[in-house]
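Spelled out, the chains give:
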Amino acid sequence: MDPADTAARLGVPAEEVDRVRRLAGDRPSAPLPGRAGAPALLDRLAVRPADAAEIMAGWPDPDSALWTPELRWLLDRSIALVRADLGGHDWLPPGPALPRGRGPAWRHLYVYAYLALVDVVREYHSDHGIGDAVSWTTLADLGRNLAVDRRMAGSGWPVMQSWLTLHARGGIYELGRLQHQRGETIGLHVPESGPLTPAAVDASLDAARVFFPRHFPDEHHTEFSCGSWLLDPQLREHLPEDANIVRFQRRFTLEPHAEPEGIDADVEVRRFVFRDLSTPLDRLPRDTALRRAVVDHLAAGRHWHWRVGRFPV
């Protein structure tokens, strides 16, 4: 395999193809589920009908003309790359961002990689005594992310494809209202799944306090942590003191402010609050206090910040 030739055919930088080649090496891949069982699996993973139809239309059948040799190579080696880090809990790009307008095989290549890893990671869950309820709830974040990407006209997926490798390696678990990422601390993430009420957050934290010592007894977590625009104290200038976000913020002791490399908090706020990165500010909806806060803050020429906070387990 010539990385330069493969990259040219894929329309991506050669160094990204070479990265996949190096990290995957000759490690084992994993087979995709059979086409016949795929619709039921997609439904189990909360994939909406429109997204499921596209995925099935691009299915990597052996005789599919949609799948060029370089696409098949990338799919196989991306699966191997992620599988080789089973149990890992850092962000892991599974491969280069592809020109997704070329069709469903290109658009959903990393979805097929995820599907191939479902049985692998569920066996990992089982080996750690993690039951089906948590396993399937966690993995069903695929459907949620595909739906968000559809709302964002495809501009959400470049972030999501790396995010979903956490699920496929057993690095993150959805326990009630929050997702909990393994690491030096238990990293908290807030999915789009309803109000962030104090009671729901308390229940999720309590579940994590039991879950991690039970299933990962060799990992000793003393803190919860979160990195997010949700922790930006500037939100308190716009939201009432009893707002759920403000009450969520009060749990944390913030680290000194330093914007992480590669993160633009203004973009992240728009991505999560509006699921829209292109509409002019004066045309964005103002139907909630949070949306009004975001628009007014940016319209005034100010910027949002990404903040990191912690509190004891």
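Higher on the page you've got the structure.
Read on for an overview of the structure. (Residues numbered from 1 in each chain as written. Predicted model: local features only at pLDDT ≥ 70, side-chain atom pairs only at ≥ 80, totals over all residues. Heavy atoms only, no water.)

### Describing the overall build of the protein
Tallying secondary structure elements over the protein gives 14 helices and 6 strands in all. Computed over C-alpha atoms, the radius of gyration of the protein comes to 20 Å, within 12% of the 20 Å expected from 2.2 N^0.38 for 313 residues, which places it in the range of a compact globule. Each of the three principal axes of the protein carries a C-alpha extent, and together these read 60 × 50 × 35 Å. Contacts in the protein between residues at least 24 apart in sequence constitute 69% of all its contacts with a sequence separation of at least 6. Here the protein displays about 14,200 Å² of accessible surface, and carbon together with sulfur accounts for 53% of that area. The averaged location of the 43 negative side-chain charges in the protein is 3 Å from the averaged location of its 37 positive side-chain charges. (Helix = DSSP H or I, 4+ residues; strand = E, 2+ residues; numbered from the N terminus. Rg over C-alpha atoms; globule rule 2.2 N^0.38 Å. Contact = heavy atoms within 4.5 Å. Areas by Shrake-Rupley, 256 points an atom, 1.4 Å probe, with all protein chains shown as cover. Lys, Arg positive; Asp, Glu negative; His and termini not counted. Charge placed at Lys NZ, Arg CZ, Asp CG, Glu CD.)

### Some remarks on the side chain of H297
Following the sequence through the fold, H297 ends up in helix 14 (residues 289-299). In this structure the side chain of H297 is engaged in a polar contact, spanning 3.3 Å, whose partner is the side chain of Q234. Sequence-distant contacts of H297, defined by excluding residues within four places in its chain, comprise Q234, H238, R302, H303 and W304. (Polar contact = N/O pair within 3.5 Å; in protein donor to acceptor, adjacent residues only side chain to side chain.)

### A closer look at empty space enclosed by the protein
One pass over the structure, following the stated rule, counts 1 cavity of 30 Å³ or more. Taken as a whole, the largest cavity spans an internal volume of roughly 100 Å³. Considering the residues around the largest cavity, the lining is formed by V82, P94, Y110, A113, Y114, L117, W157, Q161, L164, T165 and A168. At the level of secondary structure, the elements contributing two or more residues to the lining of the largest cavity comprise helix 7 (109-127) and helix 10 (157-168). With 5 residues, helix 10 is the single largest residue contributor to the lining of the largest cavity. In terms of residue class, the lining of the largest cavity is built from 9 nonpolar, 2 polar and no charged. (1 Å grid on protein atoms, 1.4 Å probe; cavity = no way out; pocket = protein on both sides within 12 Å on 5 of 7 lines; lining within 4 Å. Points joined across faces, edges and corners; volume = space filled by probe spheres on them. Nonpolar A, V, L, I, M, F, W, Y, C, P; charged D, E, K, R; others polar.)

### Comments concerning the environment of G87
For G87, the location among the structural elements is in the loop between helix 5 (69-84) and helix 6 (104-107). In this structure, the C-alpha to C-alpha distance between G87 and A203, residues 116 residues apart in sequence, is 25 Å. Setting aside chain neighbours within four positions, we find G87 in contact with Y124, R169 and R182.

### What to know about the sheet that holds strand 4 (residues 223-228)
Read across the sheet, 6 strands follow the order 1-2-3-4-6-5 without closing on themselves; strand pairing throughout is mixed. For this open sheet the edge positions go to strand 1 (172-175) and strand 5 (253-254), each flanked by a neighbour on one side alone. With 3 bridges connecting them, strand 2 (residues 178-181) and strand 3 (residues 186-189) associate as antiparallel partners. In the sheet register, Q181 faces strand 3, and the bridge partner there is G187. (Pairing = 2+ DSSP bridges.)

### Examining the environment of G95
Within the fold, G95 resides in the loop between helix 5 and helix 6. Counting along the chain gives 113 residues from G95 to A208, while the straight-line C-alpha distance between them is 31 Å. When sequence neighbours within four positions are dropped, the list of residues in contact with G95 reads R19, V20, Y110 and Q161.

### Some remarks on the pairing of strand 6 (residues 307-312)
What you see with strand 6 is a clean split: R307, G309 and F311 sit on the buried side and V308, R310 and P312 on the side with no burial. Across 6 bridges, strand 4 lies against strand 6 in antiparallel orientation. Bridging across to strand 6, S228 finds its partner in R307. With 2 bridges joining them, strand 5 and strand 6 adopt antiparallel strand pairing. When the bridges of strand 6 are listed, L254 appears paired with G309. (Buried < 20%, exposed > 50% of the residue type's maximum accessible area, 1.4 Å probe, protein only.)

### Describing the layout of surface pockets
By rolling a water-sized probe across the atoms, one finds the places where empty space is left. Taken as a whole, the second largest pocket holds about 180 Å³ of empty space. What lines the second largest pocket is a set of 14 residues, and nearest its centre among them are L32, P60, L75, D76 and I79. Of the residues that constitute the lining of the second largest pocket, the class distribution is 10 nonpolar, 1 polar and 3 charged.

Interpretation note: all reported values are geometric properties and have no functional meaning in isolation.
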